[in-house]
Amino acid sequence: MSETNGNSKNKLHGLWALTNRELKKWYKAPVIFILSIIQPILWMGFLGKAMNIGAIFSGSQISLPQTNPPLTQPQLLQLEQFFAGLQSSIMQGAFNTTDYFSYMAVGMIAFTALFTTMFSGMSVVWDRRLGFLNKALSTPVSRAVIISAKVLSATLRSMFQAGIIVLVAVAFGLQLGVGFNPVNILGVFAIMFLVCVGLSSIFIAITIRSTRIETPMAVVNLINLPLMFASNAFFPIKLMPDWLQTIAAFNPLSYTTDAVRQLLIFSTDWATLAWDFTCVGIFAVAFATIGIVLSWRFLSK
Amino acid sequence: MSEEVIKAEGLTKVFNKHLTAVDHVNFSVKQGEIFGFLGPNGAGKTTTINMLITILKPTEGKASVSNFDIAKQDFNVRNVIGVVPQEYTADEDLTGLENILLCADLYGIPRNVAKERAMELLKLVELTDFKDKKVQTFSGGMRRRLELACGLINRPKVLFLDEPTLGLDVQTRAATWNYIKLLKKNYGMTLFMTTHYLEEADVLCDRVAIIDHGKIVVVGSPEELKHSLGGDLITLAIKEDEDVSGLIQKVEHVKEVRREDGAYRIKAELGEITTPFIIEALRKKGYTVTRLSLTEPTLNEVYLEYTGKSMRDAEESREAFAAQRMTMRRARQ
């Protein structure tokens, strides 16, 4: 009897099996699956529609100071027109679009990438505690494949959610940019893929060492919202204080969000888009390498 | 064939530079035998198994499985071994069949071969009827059998079982023993198992090693070990009132005779063989034996002798561990 029984010599064997194992936990559990779709919709609906920043600048919200003599009707009309113009020019200047909802809905995509990848890292802790990790380690499957499967499943999940968000956002009244081309959607998936690979690699490297679920949970809770707000997901970087701008400039979420905005709602600036892709690409490659090397070291102790 | 399938020489594992879990352990396991690792909690059983299945790297010393070095040829080792871990590692959200196929994928076994083998293994462990049920619905015994099937998917030369009957009830435990015996008979497989159930080691193992504080204190077949304690206990009574201690003492292999309450407590080696000789000797002199019992020492005495620990203490913390594991599983759902 041959020792390996004609087992595959392919170094990547098991990658899809392990990835699919993770994904099955998600798409075969209807409640979790539906919740993961509803969650971004709720956020987008409540946060995006509630923070109707544009309305602040419309004339109807402002009670004019009394003047002596009182303003005449034509003067009031003129003032109203002035405010309307001011509103769109302020919005255009700050957000590069007149519709804050469109601005924010796109930020939601980066938000989903962050949250989904963070929490998928948690499953490593379970695999450790329940002994599955040890079992996988005793099979000929490569250590790198075990980690890559985690990264890949988190990434595929986030990409699926990103697709849902785009669809829902359009239904909620997302204003697509001039010159929008359906092919741009592929670009959205590409940038999501890159950022998710990078993010989940970091989280898995953090999580793989801990035997308790509380530790990575605390780390995630500490960094997720700050990371979110120190990006352009909800507010433009150029209006932030200098020190925060510096942080935001190193935040991969900023580049991801900007790339998606360029693709969907802005009139695409190809140079900026290329720069965004370069930054996120470097981030993905660097952190995936660091994450996988660290985890690999840890697994072959 | 008495080829040495597992061979450990000075195998040592030190955690965090000061905690020596396994301390220069030497042993070898022959082709086709069931080798048991027996010891109290924290003795180093699981650490040893983890080194042999290449999850942990030894700090010092070396070991080989099927002639592959566990440190240098770990990939080859992983291909020829099967592992049935202490925990229930099967995925709760997948069905029994899906779990076996997942294991097959980890070994890179082509799908058509894997399906065929999975069906065969499901039949072996009598789970064919449950193959499409989610593991969530499985009982402890079924899960254990599924683990067994998963460990066999690559047709391993050596199967490692870490506490194969931990937390199972008496009947399920006995059933699991039957599967293990069947494996040895049908596949001529070499099995390496750790256990803390002494009767389990006694029933299943061809040889056992008792390990304590990271060191092997004794290796031998359960029979040898029991005999090493100084033999069996024979209790007999005769009709007559005379003291026949001197007479019994002269019989070969008898080591010690004591008269208590009209009965004789005799310590003798090879009790089954010695007893007839004692009866013979008494009869020749015209004495009538009215009552006789032969008690063999159990591994329990052996264990106590070599580790100086009562098995019950270890047992209690084991049960606590099993209970904790159940809680964790519930917590996950």
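Reading guide: rules and limits
- Residues numbered from 1 in each chain as written.
- Chains lettered and ligands numbered in written order.
- Predicted model: local features only at pLDDT ≥ 70, side-chain atom pairs only at ≥ 80, totals over all residues.
- Helix = DSSP H or I, 4+ residues; strand = E, 2+ residues; numbered from the N terminus.
- Buried ≥ 20, exposed ≤ 12 C-beta atoms within 10 Å, placed from the backbone.
- Contact = placed C-beta atoms within 7 Å.
- Nonpolar A, V, L, I, M, F, W, Y, C, P; charged D, E, K, R; others polar.
- Axes fitted to C-alpha atoms, helices over the stretch in contact; angles between N-to-C directions.
- Parallel < 35°, antiparallel > 145°, perpendicular 65-115°, else oblique.
- Core = buried A, V, L, I, M, F, W, Y, C linked by C-beta atoms within 7 Å.

What follows concerns the overall build of chain A. Of the regular secondary structure elements, chain A holds 13 helices and 0 strands. Its helices and strands taken in sequence order, chain A reads α-α-α-α-α-α-α-α-α-α-α-α-α from the N to the C terminus. For chain A, the spread of C-alpha atoms along the three principal axes comes to 105 × 40 × 40 Å. Taking all 301 residues of chain A together, 38% fall into the buried category.

So, about the interface of chain B and chain A. Counting from both sides, the interface comprises 28 residues of chain B and, opposite them, 28 residues of chain A. When residues of the side of chain B that touches chain A are traced back to their parent elements, those giving at least two are helix H2 (74-80), helix H3 (96-106) and helix H12 (311-332) of chain B. Ranked by the residues each element gives to the side of chain B that touches chain A, the list is headed by H2(B), at 4 residues. Here the residues of the side of chain B that touches chain A sort into 14 nonpolar, 6 polar and 8 charged.

Attention shifts here to the environment of B:Asn50. All names here are of chain B. The residue Asn50 is located in helix H1 (residues 45-52) in this model. By the C-beta count within 10 Å, which is 22 here, Asn50 ends up buried. Considered as a pair, Asn50 and Pro85 are 35 residues apart in the sequence and their alpha carbons are 9.7 Å apart. Apart from residues lying up to four places away in sequence, Asn50 is in contact with Ile55 and Leu56.

All names here are of chain A. For the pair helix H9 (residues 184-207) and helix H12 (residues 252-264), interaxial distance at closest approach is 9 Å and the crossing angle is 175 degrees. Accordingly, the angle class assigned to the pair H9 and H12 is roughly antiparallel. Of the residues in H12, those touching H9 at Asn184, Gly187, Val188, Ile191, Val195 and Gly198 are Pro252, Thr256, Ala259, Val260, Leu263 and Leu264. Of the residues belonging to the contact of H9 with H12, the class tally is 8 nonpolar, 4 polar and no charged.

Residues and elements named next belong to chain B. Here Ala281 lies in helix H10 (residues 271-284). The spacing of Ala281 and Val251 is 30 residues in sequence and 7.5 Å in space, taken between C-alpha atoms. Beyond its immediate sequence surroundings of up to four residues, Ala281 is in contact with Leu247 and Val251.

This brings us to unusual backbone geometry. Peptide bonds are trans in most cases, and residues, glycine excluded, mostly fall at negative phi. Residues and elements named next belong to chain B. Of note, Asn16 is a non-glycine position whose phi angle comes to about 50 degrees, a positive value. Along the chain, the position of Asn16 falls in the loop between strand S1 (4-15) and strand S2 (19-30). On the neighbour-count criterion, Asn16 (5 C-beta atoms within 10 Å) is exposed. Backbone geometry places His213, a non-glycine residue, at a positive phi of 50 degrees. Relative to the helices and strands, His213 resides in the loop between strand S9 (207-212) and strand S10 (215-220).

Moving on: the nonpolar core. In this structure, B:Leu52, B:Val65, B:Ile100, B:Ala149, B:Ile153, B:Phe160 and B:Leu191 are the most contacted members of the largest nonpolar core, which totals 146 residues. The element best represented in this core is helix H5 (residues 100-120) of chain A, accounting for 14 residues. Core analysis: the next-biggest nonpolar cluster, separate from the first, contains 9 residues, B:Leu236, B:Ala268, B:Ile278 and B:Leu282 among them.

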